[in-house]
Structure formats: structure tokens, C-alpha cells
Amino acid sequence: MDKNMQTIMQKRIERTMEALRRSRMEACYAERAADVPGLVESLLREGDTVAAGGSVTLAEAGVLELLRSGRYRFLDRDVPGLSPADVRRIQLESFGADAYLTSANAVTEAGELYYVDGNGNRAAAVLFGPEQVIVVAGVNKIVPDLPSAVRRVRDTAAPANVQRLSCETYCRESGRCAGADQPAGLAGLTEGCRSDSRICCDYVVLGPQRRPGRIRVILVGEPLGY
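Presented here is an overview of the structure given in this document. (Residues numbered from 1 in each chain as written. Predicted model: local features only at pLDDT ≥ 70, side-chain atom pairs only at ≥ 80, totals over all residues. Heavy atoms only, no water.)

**Comments concerning the side chain of Arg 214**
Inspection of the secondary structure puts Arg 214 in the loop between strand 9 (202-206) and strand 10 (215-220). Here Arg 214 sits buried without a salt bridge, and the closest side chain of opposite charge, Glu 131, lies 7.0 Å off (N-O distance). Among the polar contacts made by the side chain of Arg 214, one reaches the main-chain carbonyl oxygen of Ala 125 at a distance of 3.2 Å. A distance of 2.7 Å separates the side chain of Arg 214 from the backbone oxygen of Val 126, its partner in a polar contact. Beyond its immediate chain neighbours, meaning those up to four positions away, Arg 214 contacts Ala 125, Val 126, Leu 127, Phe 128, Gly 129, Pro 130, Glu 131, Gln 132 and Val 133. (Helix = DSSP H or I, 4+ residues; strand = E, 2+ residues; numbered from the N terminus. Buried < 20%, exposed > 50% of the residue type's maximum accessible area, 1.4 Å probe, protein only. Lys, Arg positive; Asp, Glu negative; His and termini not counted. Salt bridge = Lys/Arg side-chain N within 4 Å of Asp/Glu carboxyl O. Polar contact = N/O pair within 3.5 Å; in protein donor to acceptor, adjacent residues only side chain to side chain. Contact = heavy atoms within 4.5 Å.)

**Let's talk about the environment of Arg 45**
As for its placement among the helices and strands, Arg 45 is situated in the loop between helix 2 (36-43) and strand 2 (49-52). In contact with Arg 45, other than residues within four places in its own chain, are Tyr 72 and Asp 98.

**A look at the sheet that holds strand 8 (residues 142-143)**
On the basis of which strands lie adjacent, the open sheet formed by four strands has the order 8-5-6-9 and mixed pairing. In this open sheet, the two edge strands, each paired with only one partner strand, are strand 8 and strand 9. Bridging between strand 5 (residues 106-108) and strand 8 involves two bridges; their strand directions are parallel. Looking at strand 8, one finds that Val 107 is bridged to Ile 142. (Pairing = 2+ DSSP bridges.)

The values reported here are purely geometric and, on their own, carry no functional implication.
Structure (C-alpha cells):
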């Protein structure tokens, strides 16, 4: 990356980290994706019960490999051969985990985390249950404000994820949300397709937290995930 663009990106990351701290979330920086597993390891204790939401970011950063290392009791919902009932049991058990790891659909420069879920299990665990939540987000997920976060999901995150999950939705066929031209404010927030495979069902914004430090955000100076 051009050094001038690198400087701009770094200032954006610093601004976002300061805002997250004002929101009573902990924030730290990893220059490269390769640095993320070491940071995550420093936040966990050997033997901790850990769980994770579905996340391309965690896979790309090597975090899932760390969780499967045998040092932790990993509630792994992606073990081959699990039945839907098994997956649901693991998702419910995740609420009692020592740590829940996930990414976010967007992180605003005002210190907010934005989530759009299909089943709601990820957003629910971020909101309540696990002792700590560790969020890993690449620089590509930093946006100026909530309307930009809404547009990011419609234009990028949702279309990419339905391709990954092979969901029969409008955005899989067109590459953009059916509600992409609707206002990105509260009035048009849930606009989109009416497919049975829709993944944009639950919308959550995390602002200033009552419990300081429960949510820890690792911002990465490289693009990660969708």
C-alpha cells in the first residue's frame, strides 16, 4: 500500500480505537492478520471454554486454528457430522462460554459495532452471556457512521455471504441487496428481499457499554472477511 494511504488508514484506525474506548470497549491494533492469534491467545486462559460465530475473518486470521489447538474447550459447531440439533445445542451452550469470538459486519468511527444476522445466535451471544467477547475486524470493516454500515452490509457483506452459504436470494443473483436503493436510515433499515433463505433478519447496534471491557475489539491493518 502507498505510504500516504497507509498514513490515512492508520489515522482512521486510531480514531476508531479511541471511539471504541469511549464506548467502554477495549481496543487494540494488529498490523497484520498473522499477529491476531497471538493477541487472542493473550486474552484467553488455557482450558477456557470458548465459542465462535460463523466468521470468514476468524478463519483468515488463523483464530479458528488457535481455538482448535487443544488448549481450550472449543464449542465447535463446524465439526463434520453434527446434526441440526447438535448445532443448536452448541449455540445455546455458547452463552455460558468464558469467551465468544466473532467479527462484526461494520465498526463505525463513532465507536459502534453493527451486526446483521440470519439466525440471531451471533448477535445474541455478543449482547449477553459469555464472560468476554473478542471481536476481530479488518480495516475494510471500518466505516464513518451507521448509514455507511447499513450500505456496507447491503453492497458487500450480504452478497458475499450468500455466495459462501449458497442461499437462494436476490443478492446472490444480482450482487446487490434488493433494498440497496432504499434509505440507509432507520426507516428503511430492514428493506430487502423476502426470500426464505434471507440472511438479513436481525439488526443490532452496540453503543456505549454498561460493563467496561467485556467487549474487546482487535482492529487489523489488513482487509479480512466480508
